[in-house]
Amino acid sequence: MTSIGDGAFEECSALTSVTIGNSVTSIGNYAFSGCSGLTSVTIPNSVMTIGGGAFKGCSSLTSVTIPNSVTSIGVQAFKDCTGLTSVTIGNGVTNIGEGVFNACSSLTSITIPNSVTTIGDYAFSSCSGLTSVTIPNSVTSIGIKAFYCENLSTVTSYIETPFAINGKSLISRVFHLNTFNSATLYVPVGTIEKYKATEGWKDFVFIEELPDNPYDLNHDGKISTADIQVLINEMKKDESEQNMKYDLNGDGKISTADIQVIINEMKK
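The present account deals with the structure reproduced in this document. What you see is a predicted model, and the numbers here were worked out from it, not measured in a lab.

Observations concerning the overall build of the protein
Reasoning step 1: Scanning the protein from terminus to terminus reveals 4 helices and 16 strands.
Reasoning step 2: By the compact-globule yardstick of 18 Å for 268 residues, the protein fits well, its C-alpha radius of gyration being 20 Å.
Reasoning step 3: The dimensions of the protein, computed from C-alpha atoms along their principal axes, are 60 × 45 × 30 Å.
Reasoning step 4: For the protein, the residues scored as buried account for 49% of the 268 residues in total.
Reasoning step 5: A separation of at least 24 residues holds for 34% of the contacts in the protein among residues at least 6 apart in sequence.
Reasoning step 6: As displayed, the protein has an accessible area near 11,900 Å², and 48% of this comes from carbon and sulfur atoms.

What about the pattern of salt bridges?
Reasoning step 1: A full pass over the atoms with the stated rule returns 4 salt bridges.
Reasoning step 2: Across the pair Lys-79 and Asp-80 runs a salt bridge whose closest N-O atoms are separated by 3.1 Å.
Reasoning step 3: A relative accessible area of 16% means that Lys-79 is categorised as buried.
Reasoning step 4: Lys-268 is the salt-bridge partner of Glu-265, the closest N and O atoms lying 2.8 Å from each other.

So, helix H4 (residues 256-266)
Reasoning step 1: Residues Asp-258, Ile-259, Val-261, Ile-262 and Glu-265 constitute the buried set of H4. The arc that holds every buried residue of H4, seen down its axis, measures 150°, which confines them to one face.
Reasoning step 2: On its buried face, H4 sits against helix H3 (225-235).

Some words on the sheet that holds strand S9 (residues 95-96)
Reasoning step 1: The strand order across the open sheet built from 7 strands is S1-S3-S5-S7-S9-S11-S13, with neighbouring strands paired in parallel fashion. Either end of the sheet is taken by a strand with one partner, and the two such strands are strand S1 (3-4) and strand S13 (141-142).
Reasoning step 2: Examined bridge by bridge, S9 and strand S11 (residues 118-119) share 2 bridges and lie parallel to one another. Bridge assignment links Asn-95 to a residue of S11, and that residue is Thr-118.

A short note on H3
Reasoning step 1: For H3, every residue scored as buried is listed here: Asp-227, Ile-228, Val-230, Leu-231 and Glu-234. When H3 is viewed along its axis, its buried side chains cluster within an angular range of 150° and face the same direction.
Reasoning step 2: Looking at the packing, one finds that the buried side of H3 touches H4.

What to know about the nonpolar core
One broad trend across soluble globular proteins is that nonpolar side chains are buried collectively.
Reasoning step 1: The biggest cluster of nonpolar side chains holds 63 residues, and the ones touching the most others in it are Phe-124, Ile-142 and Phe-147.
Reasoning step 2: Sorting the residues of this core by element identifies strand S6 (63-66), strand S8 (86-89), strand S12 (132-135), strand S15 (184-187) and helix H2 (192-196) as the ones contributing at least two each.
Reasoning step 3: Every residue in contact with Phe-147, bar those within four places of it in the chain, is listed here: Ile-112, Ile-119, Phe-124, Val-133, Ile-135, Ile-142, Leu-152, Val-174, Phe-175 and His-176.
Reasoning step 4: Listed in part, the 10 residues of the second largest apolar core include Val-230, Leu-231, Leu-248 and Ile-254.

Structural notes on the packing of aromatic side chains
Reasoning step 1: Per the counting criterion, the structure on display carries 13 aromatic pairs.
Reasoning step 2: Each ring, one from Phe-78 and one from Phe-101, has its centre 5.5 Å from the other, and the planes form 5°; the classification is stacked. Here Phe-78, found in the loop between strand S7 (72-73) and S8, pairs with Phe-101, found in the loop between S9 and strand S10 (109-111); they are 23 residues apart in sequence, far enough to count as distant.
Reasoning step 3: With 5.7 Å between their ring centres and 85° between their planes, Phe-175 and Phe-180 make a pair best called edge-to-face.
Reasoning step 4: Owing to a relative accessible area of 0%, Phe-175 belongs among the buried residues under this scheme.
Reasoning step 5: One Lys or Arg, Lys-145, reaches over the ring of Tyr-148 and ends 4.6 Å from the middle of that ring.

Conventions adopted
Residues numbered from 1 in each chain as written. Predicted model: local features only at pLDDT ≥ 70, side-chain atom pairs only at ≥ 80, totals over all residues. Heavy atoms only, no water. Helix = DSSP H or I, 4+ residues; strand = E, 2+ residues; numbered from the N terminus. Rg over C-alpha atoms; globule rule 2.2 N^0.38 Å. Buried < 20%, exposed > 50% of the residue type's maximum accessible area, 1.4 Å probe, protein only. Contact = heavy atoms within 4.5 Å. Areas by Shrake-Rupley, 256 points an atom, 1.4 Å probe, with all protein chains shown as cover. Salt bridge = Lys/Arg side-chain N within 4 Å of Asp/Glu carboxyl O. Arc of directions from axis to C-beta. Pairing = 2+ DSSP bridges. Core = buried A, V, L, I, M, F, W, Y, C linked by side-chain atoms within 4.5 Å. Phe/Tyr/Trp six-rings, centres within 6.5 Å; stacked < 30°, edge-to-face > 60°. Lys NZ or Arg CZ within 6 Å of the ring centre and 35° of its normal.

Following this line, the structure appears as structure tokens:
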């Protein structure tokens, strides 16, 4: 079997767990929608697309890992999964679509991978349990009410050149008024004045700079193999074109020795 069709298990309320075989490449629209008894699902690395509303209303689902193979998550794929407390999004995803995690009220934190460029309208809206969010430097657009969550206390943005977002004077604002007025927005070193001058972001009452981490090369808030890939990409360039800020061990060149520095940091 290579695909699970639209509505294949829709409203199967007695279904409690699902293991999807590694030959499956797509999960159809509303495939498991309304499976209110579903507590666990294993999505294999073969899956590339998750359809719209695929797990909508699976209120007993507590955690989801979206593998790196997935490139597309459909509209409202996990909407109203009120028991969902944690989500791991693989680094193959480029777009978090409209309302994907809307009203996942038990979700407490989310880290968006550095592959994501677009966060759609209402993507995390009404996630009342969400207290912190991290936005990577790869993001170039954030939709209306994407993070309309009244209890957000920390917003960490690694976006180095902030773009305009809907601010607190608009009904379709990206963040809740509570967030603009009370949460702390953390931004990269040297960008605080840019944020204070950019529409929407400037509405945050509290804006602070992040501590500079020389090992977080892709600015996603963590040290991982993604940072090693940054070094590999730099090593492929002519020496005259290389950015020496990536000379992590200070030996005057960018080499596998710098990769080892990252590996050592990852072990800590």
